Amino acid sequence: MKLRSFLSTAVAAATLLTLGLPPAQAQSSYKSEYRMSLVVGTAFPWGKGGEIWANKVKEKTNGRINIKLYPGVSLIQGDQTREFSALRQGVIDMAIGSTINWSPQVKQLNLFSLPFLMPDYAAIDALTQGEVGKQIFTILDKAGVVPLAWGENGYRELTNSKHAVKTPADMKGLKIRIVGSPLFIDTFTALGANPTQMSWADAQPAFASGAVDGQENPMSIFTAAKLQNVGQKYLTMWGYVADPLVFVVNKEVWNSWTPEDREHVRQAAIEAGKEEIAIARKGMIEPGQPLLKEIEGMGVTVTHLSPQEREQFVKITRPVYTKWKSQIGTALVNQAEKDIAARKK
Ligand code: X2X
């Protein structure tokens, strides 16, 4: 091909890409359907966020990108800590994942699971919407996925079927289900409990049969999964950890889309993320915390800790914090601590 005709072809192709036209040509590599992985379905804020994202993408791309939801991490047989690897390998096209479930592969995501790092919602925002969030997106990008937006699972409060927990001593011997992430083993061992790793799919029958005594999850998960009906009658509001969610797309899938469609998918994720966070916080940030009242109304004993009582839990888990600070990366954790200290309340 002569240089001149090559150039004009290249210019024409670039123009087509920029305009995203014609769809037939640009879309030749598009799949008829993309698979979005989620741990829980649309009865939960997390799953709702997935639905919102998928609908917005469909609308913005005029149906060029169709997404099907796979709740229950069903593309990987419920094994939620394998989700990140499956995303990288292309078994999953896109996902909204919890930082906890991906932390075995991306060690920096353990940051959010450091016990008692984030005292309030403003602290979560200071991290995800600030310098730490940017750094984590760079890390995720290097790890092989395209991160687009933040969402939220929520503050993970402690529940059990045995008795009210007010002090670390009350946790002695309690068999607590945790996600399969090593930092949680350390935290619950330090607290004197008996932690057992289990997927969310396996956890619910284990509560029902009494094979485990307790667990930790956000209140929106508690109510949507109706954990009060599987013996979880005691709730302690300790606010020790909150897990953000991350909206991501597999890299090859991302690169197969036109720049215009990528922007639509990104914008849809940002909008869906904001809406999802609002849904996840509903009932917890209004005066009187109506969602907690609702849970109390179901016969659940809700224990609130005084600052002094809470401090005992902080103190006993401090060695775990220190150990994991260096594993996560001292500079990143220092940045997080600094941004939390400077947060607008
Ligand atoms: O398994 C859990 O506890 C859940 C649903 O919160 C996560 O996927 C992190």
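Thresholds applied
Residues numbered from 1 in each chain as written. Predicted model: local features only at pLDDT ≥ 70, side-chain atom pairs only at ≥ 80, totals over all residues. Heavy atoms only, no water. Pairing = 2+ DSSP bridges. Helix = DSSP H or I, 4+ residues; strand = E, 2+ residues; numbered from the N terminus. Axes fitted to C-alpha atoms, helices over the stretch in contact; angles between N-to-C directions. Polar contact = N/O pair within 3.5 Å; in protein donor to acceptor, adjacent residues only side chain to side chain. Contact = heavy atoms within 4.5 Å. Phe/Tyr/Trp six-rings, centres within 6.5 Å; stacked < 30°, edge-to-face > 60°. Lys NZ or Arg CZ within 6 Å of the ring centre and 35° of its normal. Near = heavy atom within 4 Å. Areas by Shrake-Rupley, 256 points an atom, 1.4 Å probe, with all protein chains shown as cover. Nonpolar A, V, L, I, M, F, W, Y, C, P; charged D, E, K, R; others polar. Parallel < 35°, antiparallel > 145°, perpendicular 65-115°, else oblique.

As annotated in an unreviewed UniProt entry, the chain is DctP family TRAP transporter solute-binding subunit from Comamonas flocculans.

The subject of this paragraph is the sheet that holds strand E2 (residues 67-70). A sheet is described by the order of its strands in space; here five strands give the open sequence E2-E1-E3-E10-E4, paired in mixed fashion. At either end of the open sheet lies a strand with only one pairing partner, and these are E2 and strand E4 (145-155). For this sheet, the mean inter-axis angle between neighbouring strands, taken without regard to orientation, is 20 degrees. With two bridges joining them, strand E1 (residues 34-37) and strand E3 (residues 94-98) adopt parallel strand pairing. Following the sheet pairing, Ser37 is matched in E3 by Ala95.

Moving on, we get to the side chain of Arg343. Relative to the helices and strands, Arg343 is located in the segment after helix H15 (330-341). Among the polar contacts made by the side chain of Arg343, one reaches the side chain of Asp120 at a distance of 2.9 Å. Here the side chain of Arg343 touches Ile340 through a polar contact of 2.8 Å, landing on its backbone oxygen. Those residues in contact with Arg343, other than ones at most four positions away along the chain, are Pro119, Asp120, Ala122, Ala123 and Ala126.

A few words now on the packing of aromatic side chains. Under the defined criterion, the tally for this structure stands at 13 aromatic pairs. Here Phe188 and Tyr240 contribute two aromatic rings whose centre-to-centre distance is 5.9 Å and whose plane-to-plane angle is 85 degrees, an arrangement assigned as edge-to-face. A residue pair is termed long-range when its members are at least 10 positions apart, and Phe188 in helix H8 (residues 182-190) and Tyr240 in the loop between strand E9 (234-237) and strand E10 (242-250) qualify at 52 residues. When the ring of Trp238 is compared with that of Phe313, the centres are 5.7 Å apart and the planes differ by 85 degrees; the resulting orientation is edge-to-face. One end of the pair, Trp238, is in the loop between E9 and E10; the other, Phe313, is in helix H14 (residues 307-328), and 75 residues separate them in sequence. Three or more aromatic residues joined by ring pairs form one cluster here, namely Phe116, Phe188, Trp238, Tyr240 and Phe313. Taking NZ or CZ as reference, Arg318 lies 4.0 Å from the ring centre of Tyr321, over its face.

Neighbouring residues of the ligand: Val39, Trp46, Gln80, Ser98, Asn101, Asn153, Arg156, Arg177, Val179, Trp200, Asn217 and Asp243. Within the contact set of the ligand, an oxygen atom lies 2.9 Å away from a side-chain nitrogen or oxygen of Asn101. Within the contact set of the ligand, an oxygen atom lies 2.8 Å away from a side-chain nitrogen or oxygen of Arg156. If the ligand stood free it would expose 270 Å²; the protein chains cover 100% of that surface. The residue inventory of the shell around the ligand, partitioned by class, reads four nonpolar, five polar and three charged.

Relative to each other, helix H7 (residues 131-142) and H15 sit at 150 degrees, their axes nearing to 9 Å. By the angle between their directions, the pair H7 and H15 is classed as roughly antiparallel. Residues Glu131, Val132 and Gln135 of H7 touch H15, and the partners they reach there are Leu332, Gln335, Ala336 and Asp339.

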